[in-house]
Amino acid sequence: MDDAIASLRSVRHFLPHPVPRVTIEEIIEVARWTGSARNRQPWRFVAVTDPAIREQLSRLGDYALLLARAPLVLALLSHDDGFADTEFDLGRIAQSICLAAHQRGLGTCLTTLHPDDNVRAAAEPLGAGPGWFPRHAIAVGYTDAENHRTPTAIPVGRLPVRELLTWVR
Ligand SMILES: Cc1cc2nc3c(=O)[nH]c(=O)nc-3n(C[C@H](O)[C@H](O)[C@H](O)COP(=O)(O)O)c2cc1C
């Protein structure tokens, strides 16, 4: 699939090469233009290369072990102010980040940190300010093409357009 959007897949195996700081800054430069409800931009990002912190984060979600294997983890912090659109906004920015990384030849995989105790535990090593919580983190790195296709328990593929789309005329 060579469509720039449709070809985005989760990558869970990475080469050990570091991700240049300038590339992460470019990705955030692009992604920060993502729209959010009332333009509140209820997001902050923490880039982590420290192996001990990545290891710690990898134990704070059910399927987050890959965070220890990725050369860089980008934690997404959302502002918990009770605004109903915040998580929707965070989904949009996460997709922008993954697409911008994909465009630059980098692989990504979103991970969920949970339950809430684990989210609070992750906030401390990330230096999150009061009211900011890391509910998701993105593993980032150059794809290890040899292992990328390793089967997972998660089903692949997508529902067809005819099942997803209905028309009212
Ligand atoms: C909100 C969200 C949370 C996710 N959490 C995890 C996770 O914790 N661990 C993981 O390995 N993949 C996680 N994924 C990746 C999904 O499993 C993946 O997107 C889905 O299986 C489709 O595969 P693809 O992205 O390769 O097309 C998450 C994806 C999203 C959108």
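Procedures and definitions
- Residues numbered from 1 in each chain as written.
- Predicted model: local features only at pLDDT ≥ 70, side-chain atom pairs only at ≥ 80, totals over all residues.
- Heavy atoms only, no water.
- Helix = DSSP H or I, 4+ residues; strand = E, 2+ residues; numbered from the N terminus.
- Rg over C-alpha atoms; globule rule 2.2 N^0.38 Å.
- Buried < 20%, exposed > 50% of the residue type's maximum accessible area, 1.4 Å probe, protein only.
- Contact = heavy atoms within 4.5 Å.
- Areas by Shrake-Rupley, 256 points an atom, 1.4 Å probe, with all protein chains shown as cover.
- Lys, Arg positive; Asp, Glu negative; His and termini not counted.
- Charge placed at Lys NZ, Arg CZ, Asp CG, Glu CD.
- Pairing = 2+ DSSP bridges.
- Axes fitted to C-alpha atoms, helices over the stretch in contact; angles between N-to-C directions.
- Phe/Tyr/Trp six-rings, centres within 6.5 Å; stacked < 30°, edge-to-face > 60°.
- Lys NZ or Arg CZ within 6 Å of the ring centre and 35° of its normal.
- Salt bridge = Lys/Arg side-chain N within 4 Å of Asp/Glu carboxyl O.
- Parallel < 35°, antiparallel > 145°, perpendicular 65-115°, else oblique.
- Left-handed = near helix turned anticlockwise from the far one by under 90°.
- Nonpolar A, V, L, I, M, F, W, Y, C, P; charged D, E, K, R; others polar.
- Near = heavy atom within 4 Å.
- Polar contact = N/O pair within 3.5 Å; in protein donor to acceptor, adjacent residues only side chain to side chain.

Caption draft 1: Representation of the overall build of the chain within the structure. Summing up its helical and strand segments, the chain has seven helices and four strands in all. Seen in sequence order, the chain has helices and strands lined up from the N terminus as α-β-α-α-β-α-β-α-β-α-α. In terms of overall dimensions, the chain is globule-like: its C-alpha atoms have a radius of gyration of 16 Å, near the 15 Å expected for 169 residues. Each principal axis of the C-alpha atoms in the chain carries an extent, and together these give about 50 × 45 × 30 Å. Within the span of the chain, comprising 169 residues, buried residues form 38% of the whole. Sequence separation of 24 or more characterises 79% of the internal contacts of the chain that already satisfy a separation of 6 or more. A total of about 10600 Å² of accessible surface is found on the chain, and carbon and sulfur atoms cover 55% of it. Here the chain contributes 18 positively and 19 negatively charged side chains, and the mean placements of these two sets differ by 4 Å.

Caption draft 2: The sheet that holds strand β1 (residues 43-48), seen in detail. The strand order across the open sheet built from four strands is β1-β2-β4-β3, with neighbouring strands paired in antiparallel fashion. Where the open sheet ends on each side, the last strands, each with one partner, are β1 and β3 (107-112). Within this sheet the neighbouring strands show an average axis-to-axis angle of 25°, counted without direction.

Caption draft 3: Main features of the packing of aromatic side chains. Enumeration according to the criterion identifies zero aromatic pairs in this entry. Here Arg40 stacks its cationic end above the ring of Phe83, 3.7 Å away from the centre of that ring.

Caption draft 4: Geometry of the pattern of salt bridges. Within the structure shown, the criterion is met by eight salt bridges. Glu26 is paired through a salt bridge with Arg104; the nearest N and O atoms lie 2.8 Å apart. Here the residue Glu26 occupies a position in helix α1 (residues 21-31), and Arg104 occupies one in the loop between α4 (86-103) and β3, the gap between them amounting to 78 residues. What makes Arg104 partly exposed here is its relative accessible area of 27%. Salt bridges sharing common partners tie together Arg40, Asp81 and Asp89.

Caption draft 5: Expanded view of the pairing of strand β4 (residues 132-141). Among the ten residues in β4, eight count as buried, and that is most of the element. Pairing of β3 with β4, which is carried by six bridges, proceeds in the antiparallel orientation. Among the inter-strand pairings, Thr111 is bridged to a residue of β4, identified as Ala137.

Caption draft 6: View of the packing of α1 against α4. It is the contact of α1 with α4, at a shortest axis distance of 9 Å, that shows an interaxial angle of 135°. With respect to α4, the element α1 is oriented oblique. Between α1 and α4 the crossing geometry is right-handed. Of α4, the residues touching α1 (which contributes Ile27, Ile28, Val30 and Ala31) are Ile93, Ser96, Ile97, Ala100 and Ala101. Of the residues that constitute the contact of α1 with α4, the class distribution is eight nonpolar, one polar and no charged.

Caption draft 7: Up close: the site of the ligand. Residues in contact with the ligand, as listed here, are Arg9, Ser10, Arg12, Tyr63, Cys109, Leu110, Thr111, Thr112, Ile154 and Arg158. Side-chain polar atom of Arg9 to an oxygen atom of the ligand: 2.7 Å apart, as the coordinates give it. Between the ligand and Leu110, the relevant distance is 3.3 Å, taken from a nitrogen atom to a main-chain nitrogen or oxygen of the residue. Considered on its own, the ligand offers 610 Å² of accessible surface; in the complex 65% of this is hidden by protein. Of the residues belonging to the shell around the ligand, the class tally is four nonpolar, three polar and three charged.

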